[in-house]
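Below are the chains, spelled out letter by letter.
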Amino acid sequence: MIISVASGKGGTGKTTVAVNLALTLTETETVCFVDCDVEEPNAHLFLKPVLEGSVEVTVPVPIVDEEKCNGCGRCGEICAFNAILPLGKHVLTFPELCHGCGGCTLLCPASAIQEEPLEIGVVEWGQAGSVSHIHGRLNIGSPLAPPLVKAVKNHAENKPERAISIIDSPPGTSCPVVASVSGSDFCLLVTEPTPFGLHDLTLAVDMVRELQVPFGVVINRAGLGNGGLVDYCKAENIHILAEIPFDRKYAKCYAKGGHLVHEFPEIKRVFQDLWHAICVTTDRV
Amino acid sequence: MKELLVISGKGGTGKTTIVGAFAGLAKDSFPCKMTVLADCDVDAADLHLILKPDVRETKEFFGLKRASMDRMKCNNCGECRKICRFDAITAHEGRVKIEPISCEGCAVCFHICPNQAISMKDVIAGHRFVSDTIYGPLVHAKLGVAEENSGKLVTEVRREARRIAETLDSPLIICDGPPGIGCPVISSMSGVDLALIVTEPTIAGIHDMERLYSLARDFDVEVAVCINKYDLDYEMSADIEEFCSAHSVDMAGRVPFDEEVVKALVKGEPIIPSRSTGQDRESPAANSIRQLWAEIFNRLF
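Residues numbered from 1 in each chain as written. Chains lettered and ligands numbered in written order. Predicted model: local features only at pLDDT ≥ 70, side-chain atom pairs only at ≥ 80, totals over all residues.

Comments concerning the overall build of chain A
And then number 1: Looking only at helices and strands, chain A has eleven helices and eleven strands in total.
And then number 2: With the C-alpha coordinates of chain A rotated into their principal frame, the extents come out at 70 × 40 × 35 Å.
And then number 3: With 285 residues in all, chain A has 53% of them scored as buried.
And then number 4: Across chain A, the fraction of contacts at a sequence separation of at least 24, relative to all contacts at a separation of at least 6, is 74%. (Helix = DSSP H or I, 4+ residues; strand = E, 2+ residues; numbered from the N terminus. Buried ≥ 20, exposed ≤ 12 C-beta atoms within 10 Å, placed from the backbone. Contact = placed C-beta atoms within 7 Å.)

Below, the structure is given as structure tokens:
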């Protein structure tokens, strides 16, 4: 079973929910934690895995053999990303704009273009207690997150022993999030009871509905503000599966990278109930 | 004209709260000129929730074109499926189909289809707005759900904000930045006069601030740091200050945790309204943000 944790707004507590759910489940299940927020991966700060291996992730970018180039300019016409600019027989390439579609290589009439790998980041994995941990780290200055997200997920799929995978997704609703959430059996949308939280939840709901992934809502920092969140969920027939109250002591525990479910028994109960609610919603009882 | 970007790496550290307060403070600092505001978080834009804009112009934003198939011409030969690197073409029982959500718009299938069955169609990927607020013009946008956030819409928002600022002879553009360090952040950051990183005293806040700082340094952008909710963990706040002094980064301010911030937010108001609204708000966070603004103002002008 794959459970993704997402939110439109950043900083609502995705990583908190994902990590503490994983820690709760390890008592009864084999858990694989997959951090897909490759721009700002954070879950390892809480799970503290011992890393065992890593692999570079690359995208194929063009390299032009100017000896063979006949200056036809076809590569520049077909590139949808403005990543290749022919100036007569001198061809400039912009690897950071390239999506690696392979069009220029395939369609060059003079077969003057080959591909070479450009590193965009790494996938790293290891063990955090009984949790297998996988994350991706995007190289600083590399704009292309989605191929790395896909590489992280592919790596997780090769772990045969996992019973439950928990995916920590990046914030927002655009392509890196879609790459993270698609294919999940269930998605938890984490929000907070403020107008920002509500507004961005509505965007996230549109996204998971478009992806046709069943979902439920977790309210973090409950009690800090209201902003019509509960009314919205009621009107849209969305299940609120858990509420984590706001308390300075929880904020302090999070600040240091602590585990809420280990330090606070009342929070542990919240996560046990959350898991039960997920099981009921997905008919996994 | 100066451009100030407020950014964070990690989401939810308080960027938009600070930008909302700066909007009112800038109005008071420049009584005869207009500051232009730009929300560069086009994926989950929130600034409009506290600035209450009156939308006066809406423009469609076209992203990359997407592949579309003419079923009458397609003979299901599957050539397109072989070359697509984004798994955007699938086959079910020999019938080839385009999955629009996975299509990146590279058009390679369009070029190689032996039956000319594929065309590239324009897609409305979002909308860009120009609005009036009591603080000055606001340029903002909404990217469609599941669209590519390539940074092009961010660039479009910034270009329009600059055009308006030039027309109005504005002294300042304040940009609310997106989270992360990828495409939209790079588009928000290039060429700004100062990036104010809003961080929080948590292990994740510090980690993300460090990655963002490296990115800013790669792009030669000047950086200042502000710790929001600094009193939630004094030790972590001290770590942030240590990082700043080790890297010669300006520590521009510290803002305490303050429930007034949440109360103002729930009302849909900035934590500091402009004096021109006839209101004033005293609270620990509001006072610290006033000091922060004075610091930033001195850095810029």
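Right, picking up where we left off after that structure.
Focus: the overall build of chain B
And then number 1: Helices and strands together make up the secondary structure of chain B, namely ten helices and 13 strands.
And then number 2: Referenced to the eigenvectors of the C-alpha coordinate spread, the extents of chain B come out at roughly 70 × 45 × 35 Å.
And then number 3: Of all 301 residues assigned to chain B, the portion counted as buried reaches 53%.
And then number 4: Sequence separation of at least 24 residues holds for 77% of the intrachain contacts in chain B that already meet a minimum separation of 6.

With respect to the packing of helix α1 (residues 15–29) of chain B against helix α10 (residues 284–300) of chain B
All names here are of chain B.
And then number 1: Running from amino to carboxyl end, α1 crosses α10 at an angle of 65°, the nearest separation of the two axes being 10 Å. In the packing of α1 onto α10, the handedness of the crossing is right-handed. In contact with Ile18, Ala21, Phe22, Leu25 and Ser29 of α1, α10 contributes Ile289, Arg290, Trp293 and Phe297.
And then number 2: For the contact of α1 with α10, the class distribution of residues is seven nonpolar, one polar and one charged. (Axes fitted to C-alpha atoms, helices over the stretch in contact; angles between N-to-C directions. Left-handed = near helix turned anticlockwise from the far one by under 90°. Nonpolar A, V, L, I, M, F, W, Y, C, P; charged D, E, K, R; others polar.)

Here we look at the sheet that holds strand β13 (residues 250–255) of chain B
All names here are of chain B.
And then number 1: If you walk across this open sheet you meet the nine strands as β3-β8-β9-β2-β10-β1-β11-β12-β13, and the pairing is mixed. Edge positions in the open sheet fall to β3 (54–62) and β13, since each of these has one partner strand only. Averaged over all adjacent pairs, the angle separating strand axes in this sheet is 20°, with direction ignored.
And then number 2: One ladder, built from eight bridges, connects strand β8 (residues 124–133) with strand β9 (residues 136–143); its direction is antiparallel. Directly across from Val130, in β9, lies its bridge partner Val139.
And then number 3: Relative to strand β10 (residues 172–176), α1 is tilted by about 165°, and along the sheet it contacts β1 (2–7), β2 (36–39), β9, β10 and β11 (194–199). (Pairing = 2+ DSSP bridges.)

Considerations on the domain arrangement of chain A
It is common to give the size of an interface as the accessible area lost on bringing the parts into contact.
And then number 1: According to the domain assignment, chain A contains domain 1 (2–57 + 121–281) and domain 2 (66–111).
And then number 2: Its C-alpha centre places domain 1 of chain A at a distance of 40 Å from the equivalent point of domain 2 of chain A. (Domains from an automatic or database assignment.)

Describing helix α7 (residues 203–218) of chain B
Since there are 3.6 residues in each turn of an α-helix, residues three or four apart along the chain are aligned in direction.
And then number 1: Here α7(B) contains 16 residues, and its C-alpha end-to-end distance of 23 Å stays within 8% of the 22 Å for a straight helix at 1.5 Å per residue.
And then number 2: Within the span of α7(B), buried status applies to B:Ala204, B:Gly205, B:Ile206, B:Asp208, B:Met209, B:Leu212, B:Tyr213, B:Leu215 and B:Ala216. (Expected span 1.5 Å × (residues − 1).)

Some points on the sheet that holds strand β11 (residues 240–245) of chain A
All names here are of chain A.
And then number 1: Ordered by their spatial adjacency, nine strands build an open sheet running β3-β6-β7-β2-β8-β1-β9-β10-β11, and the pairing between neighbours is mixed. Two strands close off the open sheet at either side, each with one partner strand: β3 (50–64) and β11. For this sheet, the mean angle separating the axes of adjacent strands, direction not counted, is 20°.
And then number 2: Across four bridges, the pairing between strand β1 (residues 2–6) and strand β9 (residues 186–191) is parallel. Bridging across to β9, Ile3 finds its partner in Phe186.

Concerning the nonpolar core
And then number 1: A:Ile166, A:Leu189 and B:Ile174 are the most contacted members of the largest nonpolar core, which totals 168 residues.
And then number 2: When residues in this core are grouped by element, the largest group, eight residues, is from helix α7 (residues 195–211) of chain A.
And then number 3: With sequence-adjacent residues up to four places away left out, B:Ile174 is seen in contact with B:Leu4, B:Val6, B:Val19, B:Phe22, B:Ala23, B:Ala26, B:Thr35 and B:Leu37.
And then number 4: Of all hydrophobic cores here, the second largest spans 17 residues; its members include B:Cys80, B:Ile89, B:Val96 and B:Cys109. (Core = buried A, V, L, I, M, F, W, Y, C linked by C-beta atoms within 7 Å.)

Quick notes on the interface of chain A and chain B
And then number 1: Contacts between the two partners involve 51 residues from chain A, matched on the other side by 50 residues from chain B.
And then number 2: Every element with two or more residues in the side of chain A that touches chain B is listed here: α4 (103–107), α6 (175–181), α7 and α9 (248–255) of chain A.
And then number 3: The element best represented in the side of chain A that touches chain B is α7(A), accounting for eight residues.
And then number 4: Here the side of chain A that touches chain B is built from residues that sort into 22 nonpolar, 20 polar and nine charged.

Concerning the domain arrangement of chain B
And then number 1: Entries for chain B in the domain assignment read domain 1 (2–62 + 134–300) and domain 2 (66–122).
And then number 2: The centre of domain 1 of chain B, based on its C-alpha atoms, is set 42 Å off from the matching centre of domain 2 of chain B.

So, the environment of B:Asp258
Residue and element names in this part refer to chain B.
And then number 1: Structurally, the position occupied by Asp258 is in the loop between β13 and α9 (259–267).
And then number 2: Judged by the 20 C-beta atoms lying within 10 Å of it, Asp258 is buried.
And then number 3: Separated by 26 residues in the primary sequence, Asp258 and Pro284 have C-alpha atoms spaced 6.7 Å apart.
And then number 4: The residues touching Asp258, leaving out its near neighbours within four places in the chain, are Ser283, Pro284 and Ala285.

What about unusual backbone geometry?
Residues and elements named next belong to chain A.
And then number 1: Non-glycine residue Lys48 carries a positive phi angle of around 50°.
And then number 2: Relative to the helices and strands, Lys48 is located in the loop between α2 (43–47) and β3.
And then number 3: Classification of Lys48 by C-beta neighbours within 10 Å gives partly exposed; the count is 13.

Quick look at α10(B)
Residue and element names in this part refer to chain B.
And then number 1: The end-to-end C-alpha distance of α10, which contains 17 residues, comes to 25 Å, matching closely the 24 Å that a straight helix rising 1.5 Å per residue would cover.
And then number 2: Taken together, the buried positions of α10 are occupied by Ala285, Ala286, Ser288, Ile289, Leu292, Trp293 and Ile296. The buried residues of α10 occupy an angular sector of 155° when projected down its axis, which confines them to one face.
And then number 3: Of the surrounding elements, those touching the buried residues of α10 are β1, α1, β11, β12 (223–228), β13 and α9. (Arc of directions from axis to C-beta.)

So, the environment of B:Ile101
And then number 1: For B:Ile101, the location among the structural elements is in the loop between β6 (95–98) and α4 (108–112).
And then number 2: On the neighbour-count criterion, B:Ile101 (15 C-beta atoms within 10 Å) is partly exposed.
And then number 3: Once you skip the residues sitting within four places of it in the chain, B:Ile101 turns out to touch A:Val178 and B:Ala146.

Looking at the pairing of strand β2 (residues 31–35) of chain A
Within a regular strand, side chains alternate between the sheet's two faces.
Residue and element names in this part refer to chain A.
And then number 1: Counting buried positions along β2 gives five out of five residues, so the element sits mostly inside the fold.
And then number 2: Because side chains alternate across β2, one face comprises the buried residues Val31, Phe33 and Asp35, and the other comprises Cys32 and Val34, equally buried.
And then number 3: Strand direction decides the pairing type here: β2 and strand β8 (residues 164–168), joined by five bridges, are parallel. Across the sheet, Cys32 pairs through a bridge with Ser165, a residue of β8.
And then number 4: Here β2 pairs with strand β7 (residues 131–138) via four bridges, running parallel. Looking at the pairing, Cys32 lines up with Ser132 of β7.

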